[in-house]
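One-letter residues, chain by chain:
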Amino acid sequence: DQQVKQNSPSLSVQEGRISILNCDYTNSMFDYFLWYKKYPAEGPTFLISISSIKDKNEDGRFTVFLNKSAKHLSLHIVPSQPGDSAVYFCAANVNYGGSQGNLIFGKGTKLSVKP
Amino acid sequence: DAGVIQSPRHEVTEMGQEVTLRCKPISGHDYLFWYRQTMMRGLELLIYFNNNVPIDDSGMPEDRFSAKMPNASFSTLKIQPSEPRDSAVYFCASRPRESWGTEAFFGQGTRLTVV
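Residues numbered from 1 in each chain as written. Chains lettered and ligands numbered in written order. Predicted model: local features only at pLDDT ≥ 70, side-chain atom pairs only at ≥ 80, totals over all residues. Heavy atoms only, no water.

A.B. asks: Explain the pairing of strand β5 (residues 42-50) of chain B to me, using residue names and the numbers behind them.
C.D. replies: All names here are of chain B. In terms of residue burial, β5 counts as a mostly covered element, since eight of its nine residues are buried. Two elements, strand β4 (residues 31-38) and β5, share eight bridges in a ladder whose sense is antiparallel. Residue pairing in the sheet places Phe33 in a bridge with Tyr48 of β5. Count of turn residues in the β4/β5 antiparallel hairpin: three residues. Bridge count for β5 against strand β6 (residues 53-56) is three bridges, and the pairing is antiparallel. Across the sheet, residue Asn50 finds its bridge partner in β6, namely Val53. Where β5 folds back on β6, the antiparallel hairpin that results is connected by two residues, among which Asn51 adopts a positive phi of roughly 50°. (Buried < 20%, exposed > 50% of the residue type's maximum accessible area, 1.4 Å probe, protein only. Helix = DSSP H or I, 4+ residues; strand = E, 2+ residues; numbered from the N terminus. Pairing = 2+ DSSP bridges.)

A.B. asks: Give me the nonpolar core: which residues, what numbers.
C.D. replies: Residues and elements named next belong to chain A. Grouped together as the largest cluster of nonpolar side chains are 25 residues, with contacts concentrated most on Phe30, Phe33, Trp35, Leu73, Leu75 and Tyr88. The set of elements that each furnish at least two residues to this core consists of β3 (19-25), β4 (32-38), β5 (45-51), β7 (62-67), β8 (72-77), β9 (86-93) and β11 (109-114). With four residues, the top contributor of residues to this core is β9. (Core = buried A, V, L, I, M, F, W, Y, C linked by side-chain atoms within 4.5 Å.)

A.B. asks: Go over the pairing of β3(A) with me, naming the residues and quoting the values.
C.D. replies: Residue and element names in this part refer to chain A. Burial along β3 is one-sided: Ser19, Leu21, Cys23 and Tyr25 are buried, and none of Ile20, Asn22 and Asp24, which face the opposite way, are. Examined bridge by bridge, strand β1 (residues 4-5) and β3 share two bridges and lie antiparallel to one another. The residue bridging Lys5 from the neighbouring strand is Asp24, located in β3. Where β3 lies against β8, six bridges are found, and the strand directions are antiparallel.

As structure tokens, then:
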């Protein structure tokens, strides 16, 4: 059963507009969340993260929001640029039991930003 | 540091042959992960190590897959015998000892094609 879910396989946005990528998780024990970006033929690269004790973290055009009660996080990109076109993965950090250090990834959302 | 280094970048092999994928993690990182990316499953964890010891191999598809980490600077993922359904991109990633609050760093991946 998927513990981290990205229910939208793809998203298309006009350049200059806001992109909102969503992620849901099932395990309330997750304590740290990360977003990765992946271009074709490259490995995923870290984008932004948020601790479970916060509800917002901002870095330039990228903001991640966390709603713990809903077990939901979202990544906002404002304004969107064509270079943001990539696959975005949401990941949750495991910090309990014998699995410390593990990261559980969603399936990814392919973002296309059209000029 | 040159980052996580994977080899080969591309591998084409015939069904039934043995395939070995290699990974050199970032120096000083204690965690090493092997992921497989497919359209259907996204980025799925196969196995991960902490201090060269396998922690969770529940993602390894079947006995045809095996992974080793003989020392802190090298890991292999072996498939024997390979099958067409093993075709995917395989990523290696490493993470520092203090995993909380840090990200995993990915290699550029090995694209495996089994014909």
